Amino acid sequence: MTSASRVRKAVIPAAGLGTRFLPATKAMPKEMLPVVDKPAIQYVVQEAVSAGLQDVLMITGRNKRALEDHFDRVPVTEQLLEAKGDAEKLSAVQHATDLGDIHYVRQGDPKGLGHAVLRAKTHVGNEPFAVLLGDDLIDERDELLTTMIEVQAKTGGSVVALIEVEPSQISSYGCADVEVIEGEGYVRIRQLVEKPSPEEAPSNLAIIGRYVLHPDVFQVLENTKPGRGNEIQLTDALQTLAARDGDGGGVYGVIFRGRRYDTGDKLSYLKAVVTLACDSEDLGPDLRSWLTSFTAHLPA
Ligand code: UTP
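Residues numbered from 1 in each chain as written. Predicted model: local features only at pLDDT ≥ 70, side-chain atom pairs only at ≥ 80, totals over all residues. Heavy atoms only, no water.

## Points about the overall build of the protein chain
And then number 1: In terms of regular secondary structure, the protein chain is built from 11 helices and 13 strands.
And then number 2: Computed over the C-alpha atoms, the radius of gyration of the protein chain is 20 Å, within 12% of the 19 Å expected from 2.2 N^0.38 for a compact globule of 300 residues.
And then number 3: With respect to the three principal axes, the spread of C-alpha positions in the protein chain is 60 × 50 × 40 Å.
And then number 4: When the 300 residues of the protein chain are sorted by exposure, 47% land in the buried category.
And then number 5: Long-range pairs, those at least 24 residues apart, make up 76% of the contacts in the protein chain with a sequence separation of at least 6. (Helix = DSSP H or I, 4+ residues; strand = E, 2+ residues; numbered from the N terminus. Rg over C-alpha atoms; globule rule 2.2 N^0.38 Å. Buried < 20%, exposed > 50% of the residue type's maximum accessible area, 1.4 Å probe, protein only. Contact = heavy atoms within 4.5 Å.)

## Comments concerning a negative patch on the surface
And then number 1: Together, Asp-37, Glu-88, Glu-281 and Asp-282 make up a negatively charged patch on the protein surface.
And then number 2: Inspection of the secondary structure puts Glu-281 in the loop between helix H10 (266-279) and helix H11 (284-296).
And then number 3: A relative accessible area of 79% places Glu-281 in the exposed class. (Patch = residues over 30% accessible without salt bridge, like charges linked within 9 Å, V, L, I, M, F, W, Y side chains within 5 Å. Areas by Shrake-Rupley, 256 points an atom, 1.4 Å probe, with all protein chains shown as cover. Salt bridge = Lys/Arg side-chain N within 4 Å of Asp/Glu carboxyl O. Lys, Arg positive; Asp, Glu negative; His and termini not counted. Charge placed at Lys NZ, Arg CZ, Asp CG, Glu CD.)

## Things to note about the site of the ligand
And then number 1: Around the ligand, a shell composed of 19 residues is seen, among which Gly-18, Thr-19, Arg-20, Glu-31 and Gln-107 lie nearest.
And then number 2: Within the contact set of the ligand, an oxygen atom lies 2.9 Å away from a backbone nitrogen or oxygen of Gly-16.
And then number 3: Taking Gly-18, its main chain carries an N or O atom lying 2.7 Å from an oxygen atom of the ligand.
And then number 4: For the ligand, the accessible surface in isolation is 570 Å², of which the surrounding protein chains cover 85%.
And then number 5: Elements with a minimum of two residues in the shell around the ligand: strand S1 (9-14) and helix H5 (113-118).
And then number 6: A breakdown of the residues in the shell around the ligand according to their chemical character gives 8 nonpolar, 6 polar and 5 charged. (Near = heavy atom within 4 Å. Polar contact = N/O pair within 3.5 Å; in protein donor to acceptor, adjacent residues only side chain to side chain. Nonpolar A, V, L, I, M, F, W, Y, C, P; charged D, E, K, R; others polar.)

## A word on the packing of helix H3 (residues 75-84) against helix H4 (residues 87-98)
And then number 1: H4 packs onto H3 with a crossing angle of 155° between their chain directions and a minimal axis gap of 8 Å. In this view, H3 runs roughly antiparallel relative to H4, as classed from their interaxial angle. As H3 packs across H4, the resulting crossing turns out to be left-handed. Note on element contacts: H4 touches H3 through Lys-89, Leu-90, Val-93 and Gln-94, opposite Glu-78, Leu-81 and Glu-82.
And then number 2: In terms of residue class, the contact of H3 with H4 is made up of 3 nonpolar, 1 polar and 3 charged. (Axes fitted to C-alpha atoms, helices over the stretch in contact; angles between N-to-C directions. Parallel < 35°, antiparallel > 145°, perpendicular 65-115°, else oblique. Left-handed = near helix turned anticlockwise from the far one by under 90°.)

Function cannot be read off these values alone, since they describe shape.
Here it is as structure tokens:
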């Protein structure tokens, strides 16, 4: 298989320490936090599978049990639901197991997102692959991953997802200096700057947790020294690829204007849960009417 082949594999790093969410993440990865009625990671696996990526590799950390258990069968619960004739719950429980072909590899020490992605090298081999971060949810009604896969096939390089943020927010993200390509729906990345101050930021375009990467990224990551926070940063490796011409070089950006929910810190997480619950068919109507009366009584 050549590096220009269609993307088949998804890598989901879930080995971070989740310090912003302690103590909830003391014994459980933050990717397992429930968003309405499913762990965040289930939305992400579903997104990968919907984009045609049946082969999913999770990079796990010290608390991998909960993740593996969630995507495994639960015979006792399933038998109980079957005996009760609760077909709806039975199908909800089985859904996670039937999603895709899920593999696991341990990261060992959490030495950064770049280090986590490098752990996927053997499983991925020499073909382009997607990376989806488990704390970034993309609304299933909006298209992103398939567009990124198309851009990867067209350019032969690597692709990141970008959103426009308020200039004051850019210091929470990796920021992209971009060049518009006439007549194309994507941009070329000139430079990436990790968490710049608003004054230093070259744009208001922030990198979010979806990537489609050329396999050359592995060799670059192997030679990437620890950067910010003494961690091996994926952004630093992408910066190297962005400066490279020819096969495997070049980094491109797809600007996403759809619905995205960040579940990586407490406030964003709460907003994500409320937004998605308000949208849900069964919970939405009651929750919306409760919220209306609740907010009417909040102190100004
Ligand atoms: P984050 O920086 O958001 O995750 O990494 P974190 O380190 O768990 O969070 P905080 O800042 O301490 O609260 C982005 C993604 O990369 C994964 C995380 O699990 C998350 O999905 N990651 C990060 C790893 O898999 N390994 C690492 O060493 C670091």
